[in-house]
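Listed below are the residues making up each chain.
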Amino acid sequence: MLYHPDKHRDPELKQQAEKLFNLVHEAYEVLRDPQARAIYDIYGKRGLEVDGWEVVERRRAPAEIREEYERLQKEREERRLQQRTNPKGTISVGIDATDLFDRYEEDYEDMVGGGIPHVEINKMHISQSIEAPLTTKDTAILSGSLSTHNGNGGDQLLPSAVFYATVGPLVFYVAIQQLVIRPYLRAQKEQDLEKQRESSASNIAKKKQEAEAAVLLMQESVRRIIEAEESRMGLIILNAWYGKFVTDNSKRHERAKVIDVTVPLQCLVKDSKLILTETAKSGLPGFYDPCVGEEKSLKVLYQFRGVMHQVLSGDTEPLRIPKQSHRIDGDT
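Residues numbered from 1 in each chain as written. Predicted model: local features only at pLDDT ≥ 70, side-chain atom pairs only at ≥ 80, totals over all residues. Heavy atoms only, no water.

(A) Quick look at the layout of surface pockets. Estimated volume of the largest pocket: approximately 1800 Å³. Along the walls of the largest pocket sit 41 residues, with Tyr 40, Lys 207, Ser 282, Gly 283 and Leu 284 positioned nearest its centre. Secondary structure elements with two or more residues in the lining of the largest pocket: helix H1 (11-31), helix H2 (34-43), helix H3 (45-49), helix H9 (201-231) and helix H10 (262-267). Residue classes in the lining of the largest pocket are distributed as 25 nonpolar, seven polar and nine charged. (1 Å grid on protein atoms, 1.4 Å probe; cavity = no way out; pocket = protein on both sides within 12 Å on 5 of 7 lines; lining within 4 Å. Points joined across faces, edges and corners; volume = space filled by probe spheres on them. Helix = DSSP H or I, 4+ residues; strand = E, 2+ residues; numbered from the N terminus. Nonpolar A, V, L, I, M, F, W, Y, C, P; charged D, E, K, R; others polar.)

So this is what it looks like as structure tokens:
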């Protein structure tokens, strides 16, 4: 009803409403189809185009689609872990059984103890290796091995040799992870984020325009909601911000990246309540993602029954207000 073109007389608002109404209609067509909805829940919008249908068949029920997805996801995680380290280990043992095959039958009669042939271990080899990916093209291989050989069968395994052949590579791998790989991965993550921002710049600009258009269309509805809430001393959203907040003193040099979402949140208030589910809030009407790929939160300052309240909620955390725990003490 908010985005229906017939609800707006202003030509500019009417045009903006038509665009948003088409998006609402598209979403409705997906959500009313159980199979399409299951694909969207798992793969997102791209799944409706290609990705989702490559894995599952259209005739499958939604529960089967989710089960198949979870199975494939688990297999991918296992393969990814195996590919990252690719651990390998071998143990070989040499056994000298010459006495068993190279004796005449009459020799057994002269032996004490019934002529049991003598079998002994004369050599042993232990090796272990772990791969540590440094870059997308370079991989360090950490390996160690232990070999013993004694033709007389008097093998003696030294504990230190066993340690260096087995535990040593693991310790070295952990050190490489802490000093080389993790710093590299952090730098790589920053580069990937920058590439992601650049590649999604046009899409972000489009989402920002849609959010700004939605806020314009909400103004009249928000005015009526505020009047109704004020008459009953209900829920009034005073200020609301969404994005990346800098709360750690060690990161004060970083710049906060937030947008004002006061109007969109007030528009969602019904009967003095605001309920948000477990989903990224950038998809809410009037919202967009101000910092792609970074951790985001929602900060709300609101008034309920004439008392100030404040809450900071994670991007995918459910939120229900008002709550007693959000109340700001008089000394604050």
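(B) Highlighting the environment of Gly 306. By the secondary structure assignment, Gly 306 is in the loop between strand S7 (297-304) and strand S8 (307-314). Of the residues examined, Gly 306 reaches a relative accessible area of 45% and is grouped as partly exposed. Remark: the alpha-carbon pair of Gly 306 and Ile 236, spanning 70 residues in sequence, is separated by 9.2 Å. (Buried < 20%, exposed > 50% of the residue type's maximum accessible area, 1.4 Å probe, protein only.)

(C) Up close: the packing of H1 against H9. Running from amino to carboxyl end, H1 crosses H9 at an angle of 115 degrees, the nearest separation of the two axes being 10 Å. The element H1 and its partner H9 pack so that their crossing is left-handed. Side by side, H1 and H9 meet where Leu 13, Gln 16, Ala 17, Leu 20 and Leu 23 of the first sit next to Glu 210, Ala 213, Ala 214, Leu 216 and Leu 217 of the second. For the contact of H1 with H9, a count of residues per class yields eight nonpolar, one polar and one charged. (Axes fitted to C-alpha atoms, helices over the stretch in contact; angles between N-to-C directions. Left-handed = near helix turned anticlockwise from the far one by under 90°. Contact = heavy atoms within 4.5 Å.)

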